[in-house]
Amino acid sequence: MTAPASISASTPVRTRFAPSPTGYLHLGGARTALFSWAYARHFGGTFILRIEDTDLERSTPEAVQAIVDGMQWLGLNHDEGPFYQMQRMERYREVIAKMLADGTAYHCYSSPEEVEAMRERMRAAGDKPRYDGTWRPEPGKTLPPVPADRKPVVRFKNPLDGDVSWDDVVKGTITISNREMDDLIIARPDGTPTYNFCVVVDDWDMQITHVIRGDDHVNNTPRQINILKALGAALPLYGHVPMILGADGEKLSKRHGAVSVMDYPAQGYLPEAMLNYLARLGWSHGDDEIFSMEQFCAWFDLDHLSKSPAQFNPEKLAWINNHYIKLADNARLEALMRPLMERDGAVFANAPDVQKVCGLLKERANTVNELAAAAMLFYRQPQPDAALLTQHFTDAIKPALAEFAERCATVEWNKESLSPMIKEVLANHKLKMPQFAMPLRLMVTGQLQTPAIDAVLELFGRDVVLQRLQKYL
Ligand code: GLU
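About the criteria used
Residues numbered from 1 in each chain as written. Predicted model: local features only at pLDDT ≥ 70, side-chain atom pairs only at ≥ 80, totals over all residues. Heavy atoms only, no water. Helix = DSSP H or I, 4+ residues; strand = E, 2+ residues; numbered from the N terminus. Buried < 20%, exposed > 50% of the residue type's maximum accessible area, 1.4 Å probe, protein only. UniProt positions renumbered as here; feature names shortened; annotations may be inferred. Contact = heavy atoms within 4.5 Å. Axes fitted to C-alpha atoms, helices over the stretch in contact; angles between N-to-C directions. Parallel < 35°, antiparallel > 145°, perpendicular 65-115°, else oblique. Nonpolar A, V, L, I, M, F, W, Y, C, P; charged D, E, K, R; others polar. Pairing = 2+ DSSP bridges. Disulfide = S-S within 2.5 Å. Expected span 1.5 Å × (residues − 1). Bend = angle between axes of the 7 residues up to and from the residue. Near = heavy atom within 4 Å. Polar contact = N/O pair within 3.5 Å; in protein donor to acceptor, adjacent residues only side chain to side chain. Areas by Shrake-Rupley, 256 points an atom, 1.4 Å probe, with all protein chains shown as cover. Right-handed = clockwise from strand over helix to strand, strands pointing away. Salt bridge = Lys/Arg side-chain N within 4 Å of Asp/Glu carboxyl O.

Caption draft 1: Structural view of the environment of Ile208. With respect to the secondary-structure elements, Ile208 resides in the loop between helix H5 (195-205) and strand E9 (210-214). The exposure class assigned to Ile208 is buried, which follows from its relative accessible area of 3%. As a C-alpha pair, Ile208 and Pro189 span 19 residues in sequence and 29 Å in three-dimensional space.

What follows is the structure in structure tokens.
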């Protein structure tokens, strides 16, 4: 990765995640945060969290909390911040005053109606509609008289000629002609700064070296670069990551399942699975699919980012989650499962150790919630369906079950001994495994499908198994 022209290779890396707190932290935002965080970690740099809360109508404290919670769940810890733009108003005003004094910005008294009329005229003439520069000071130009009782906006004096060009880390070189760009309003009539301006001042003050963000911001970049140049600021390197699409190629939305990061812990996903999955959305390292965050940070240098949008694939996320559930410590899984099982009425007295149950069941669980639901087998009273019982508990089976129950009283209680004992009972009564295992499962667990019967019996324990069989014999 080469450093941008104005930032030397020895400049310490400083990246930021700058969400607008207008809703939950969505998957796209989390992925952008992950890339910025990992890049800072790769270079031993600094990762900054900045809350862009100047849109007072749409920003809420709940959304700020949702972002902080999401980042925390993922473990994307910031080194500086959170900085809130609303707490930096004075600084923005200071920079606006400086730009007015330097002549890189100017007061514009055109009313919104007048600006609209200008645009209309240009549209009619087949030109790109833009502000016509009425109030833009130029050497030798006389400005109109200032209208009484009208508060001006402040406009940035965008260069009239030439291009803005940057080597986007993801998209390659992007060049925009200055003729395409308006003199951007940087402060409203009440003096409040506008969005792009706050971003520029923040990136400047926070000495951001790499701006990694969604490609919905590509259009803002040339304006931001021009303002940074006018301020004499070093330019960061920009990387605009394509958005995440649903499997149908449409913009990711609720239709595609949960889009809020914090819905995933609620559904039983592990943060390491989510991180691993997000890392592969729009970035690759050969064929590697499963890797730790330590490994990811060691690899992630902004190369190998994809130019085309990534597609969200819930099945793959589930597969990765299953992988991490299998690796997870059973004590950790128990802590996550217990509240769910308690909610579902689990009775833990006289029941097997939850961590042992985890060991038996986690191989097949895609989520912690699935694991908890499967584990309930051991923590509720069996209520076998009467019709199923009649179907499977035939007269032919009864003597075999009786012999089984008798031998249960003395057999060594582990699956290594239970398994051959069951086989002997089957042989003695000329039965096949399913004929015998189905009614046994129904009686002991209330269900027809369970993991291997010997392992299930071992976990239930001799007393519970005998007690449950007694009812039928
Ligand atoms: N606040 C912007 C957003 O949430 C991001 C701005 C930026 O990264 O420059 O989309």
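Following the structure, the description resumes.
Caption draft 2: Inspection of the UniProt feature "binding site: ATP" (unreviewed entry) in the protein at higher detail. As annotated in UniProt, the feature "binding site: ATP" (unreviewed entry) corresponds to Lys254 in the numbering used here. Within the secondary structure, Lys254 is located in the loop between strand E11 (244-245) and helix H7 (263-267). Apart from residues no more than four positions distant in its own chain, Lys254 is found in contact with Tyr24 and Val259.

Caption draft 3: Seen up close, the packing of helix H3 (residues 89-102) against H5. Where H3 meets H5, the closest approach of the two axes is 10 Å, and the angle between their N-to-C directions is 95°. Accordingly, the angle class assigned to the pair H3 and H5 is roughly perpendicular. Taken together, the residues of H5 that come into contact with H3 (itself represented by Arg91, Tyr92, Val95, Ile96 and Met99) are Phe197, Cys198, Val201, Asp202, Trp204 and Asp205. Across the contact of H3 with H5, the residue classes break down as eight nonpolar, no polar and three charged.

Caption draft 4: Focus on the sheet that holds strand E8 (residues 185-187). Read across the open sheet, the three strands follow the order E4-E5-E8; overall the sheet is antiparallel. If you trace the sheet from one side to the other, it starts and ends with strand E4 (105-108) and E8, each paired once. Within the sheet, the average angular offset between the axes of one strand and its neighbour, ignoring direction, is 45°. Looking at chain direction, strand E5 (residues 153-156) and E8 are connected through two bridges and run antiparallel. In the strand pairing of E8, Arg155 is matched with Ile185. Contacts from H3 reach E4, E5 and E8 within the one sheet, and its direction differs from that of E4 by about 95°.

Caption draft 5: Here's a closer look at the state of the cysteines. Following the criterion strictly, the structure yields zero disulfides and no others. You can see Cys108 has no disulfide; the closest cysteine sulfur is in Cys198, sitting 19 Å from it. Take Cys108: its relative accessible area is 1%, and that puts it in the buried class.

Caption draft 6: Local environment of helix H11 (residues 330-343). Along its 14 residues, H11 runs 20 Å from first to last C-alpha, staying within 8% of the 20 Å computed at 1.5 Å per residue. Remark: the principal bend of H11, roughly 35°, maps to Met337, with a proline, Pro339, within the next four residues. Within H11 the residues assigned to the buried category are Asn330, Leu333, Glu334, Met337, Leu340 and Met341. Tucked inside the fold, the buried residues of H11 contact helix H10 (314-327), helix H12 (354-361) and helix H13 (368-375). Positive backbone phi, at 85°, marks Gly345, one or two positions downstream of H11.

Caption draft 7: Seen up close, the site of the ligand. In the vicinity of the ligand, the contacting residues are Arg16, Ala18, Pro19, Ser20, Glu52, Tyr195, Val199, Arg213 and His217. A distance of 2.7 Å separates a nitrogen atom of the ligand from a polar atom in the backbone of Ala18. About the coverage of the ligand: the protein hides 82% of its 300 Å² of free accessible area. Residue composition of the shell around the ligand, grouped by class: four nonpolar, two polar and three charged.

Caption draft 8: Summary view of the pairing of strand E2 (residues 46-51). In terms of burial, E2 is a largely internal element, six of the six residues being buried. Across four bridges, strand E1 (residues 14-17) lies against E2 in parallel orientation. In the strand pairing of E2, Arg14 is matched with Thr46. Each parallel crossover has a hand, and for E1 linked through helix H1 (residues 27-42) to E2 it is right-handed. Sheet analysis places E2 next to strand E3 (residues 80-84), joined by three bridges and oriented parallel. Note on E3: the bridge partner recorded for Arg50 is Phe83. On the question of chirality, the crossover connecting E2 to the parallel E3 by way of helix H2 (residues 61-74) is right-handed.

Caption draft 9: Structural view of the UniProt feature "short sequence motif: 'HIGH' region" (unreviewed entry) in the protein. Under the feature "short sequence motif: 'HIGH' region" (unreviewed entry), the UniProt entry names residues 19-29. Secondary structure content for residues 19-29 is 27% helix and 0% strand, and the end C-alpha separation is 7 Å.

Caption draft 10: Spotlight on the side chain of His392. With respect to the element layout, His392 can be found in helix H14 (residues 386-392). Since its relative accessible area comes to 19%, His392 is described here as buried. With near-sequence residues (within four places) excluded, His392 lies in contact with Ile397, Gln435, Met438, Pro439, Leu442 and Leu448.

Caption draft 11: Representation of the pattern of salt bridges. Taken as a whole and assessed by the stated rule, the structure comprises 31 salt bridges. Glu334 serves as the salt-bridge partner of Arg338, at 2.9 Å between the closest nitrogen and oxygen. In this pair, Arg338 and Glu334 both sit in helix H11, four residues apart, roughly one turn of the helix. In this structure Glu334 comes out as buried when scored by relative accessible area, which is 14%.

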